[in-house]
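Coordinates in review
Chain by chain, the residues:
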Amino acid sequence: MQFRQQALAKLQSAEELDLPVRFARPQGWLVLSVTVAVMAAASVWAVTGTVASTVGAPAVLTHAQGSYVLQSPVAGQVTAVLAKEGERLAADAPVLKVRTAQGGTSVVRTVAAGRVTALAATIGAIISTGADVAAVEKVAHAGDPLYATVYVPAESASTIPADAAVDLTVQSVPTQQYGVLRGRVKAVGRSVQTRQQITSYLGDSQLGEQFTKKGRPVAVLVSLDRSSRTRSGLTWSSTDGPPYPLTSMTLATGSIRLADQRPVDWLLP
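Summarised in this report is the structure supplied together with it.

What counts, and where the lines are drawn
Residues numbered from 1 in each chain as written. Predicted model: local features only at pLDDT ≥ 70, side-chain atom pairs only at ≥ 80, totals over all residues. Heavy atoms only, no water. Pairing = 2+ DSSP bridges. Helix = DSSP H or I, 4+ residues; strand = E, 2+ residues; numbered from the N terminus. Axes fitted to C-alpha atoms, helices over the stretch in contact; angles between N-to-C directions. Buried < 20%, exposed > 50% of the residue type's maximum accessible area, 1.4 Å probe, protein only. Phe/Tyr/Trp six-rings, centres within 6.5 Å; stacked < 30°, edge-to-face > 60°. Contact = heavy atoms within 4.5 Å.

Observations regarding the sheet that holds strand β10 (residues 146-153)
- Here six strands make up a closed barrel; going around it, the order is β1-β10-β13-β12-β11-β14 and the pairing antiparallel. If you compare each strand with its neighbour and ignore which way they point, the axes differ by 40° on average.
- In terms of strand pairing, strand β11 (residues 165-170) meets strand β12 (residues 181-188) through four bridges, oriented antiparallel. Each residue of the ladder has a partner; that of D167, found in β12, is R182.

Here's what the structure looks like:
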């Protein structure tokens, strides 16, 4: 009964019209202003802003002309190895001597000028016709520049723009100390690469198998940025880079920046 009497008394009393009405506290206005500003900025960014994305893929440092696998034209026993790994040879230079079953001696020679990156034959070994005996990188001069070949999944190759920026994490270089290697896309392959094609280009069957484990990739040739201030002669994300030059057939991982996309494209159906 006491609460009922208080309610009736309040209804009978005159309204307090002379008191100001408070719609919101100052803190509420501040929160509302910040919310509106954030929503406005997000709307502008959604229409005019862009989102950068990258694609990562395995890579290898090479010279632009690639390599080739030297095969023996005859069967027999290797009697002499005339070349050394790392040696640069002219075209038609002798690499091996092979004694055939008929008792004669045949010389296995290079097909094109280049640097011997691997020798698969040793003295006394028995080889068959067509056996792989050496890998030769097609480099005519010691100062020929290095490139990087990145083997990108086929579904991502079409989105790579010309001259796209590339960061290369080199396996033989500590990333935390020297950073990543900088480069630019020079050319994007027009077709997918088979294991045999990669093996022929790199002169290494293991890399051909490794780069095609997840399907046939597209080869992207990357021109490495040059610098006269570093020991390697290349540009790194750090100031100096590693205190030694890089060699071909060094493995790396490439991160290629794709064409910028508008975020509004993700929101609209």
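Overview of the pairing of strand β6 (residues 105-109)
- The two faces of β6 differ: S106 and V108 on one face are buried, but T105, V107 and R109 on the other face are not.
- Alignment of strand β5 (residues 94-99) against β6, held across five bridges, turns out to be antiparallel. Opposite R99, over in β6, you have T105 as the bridge partner.

Some remarks on unusual backbone geometry
- Even without a glycine there, the phi angle at D92 is positive, about 65°.
- Locating D92 in the fold gives a position in the loop between β4 (88-89) and β5.

Concerning the packing of aromatic side chains
- Within this structure, the stated rule accounts for one aromatic pair.
- Measuring from ring centre to ring centre gives 4.9 Å for Y151 and F211, while their planes differ by 25°; the resulting arrangement is stacked. Linking Y151 in strand β10 with F211 in the loop between α6 (205-210) and β13 (217-224), this pair joins segments that are 60 residues apart in sequence. Of the two residues, Y151 and F211, both sit in the buried class.

As for the environment of L89
- Relative to the helices and strands, L89 is located in strand β4.
- On the accessibility criterion, L89 (12% relative accessible area) is buried.
- L89 has contacts with A83, P94, V95, T110, A113, G114 and V116, leaving out every residue within four places of it along the chain.

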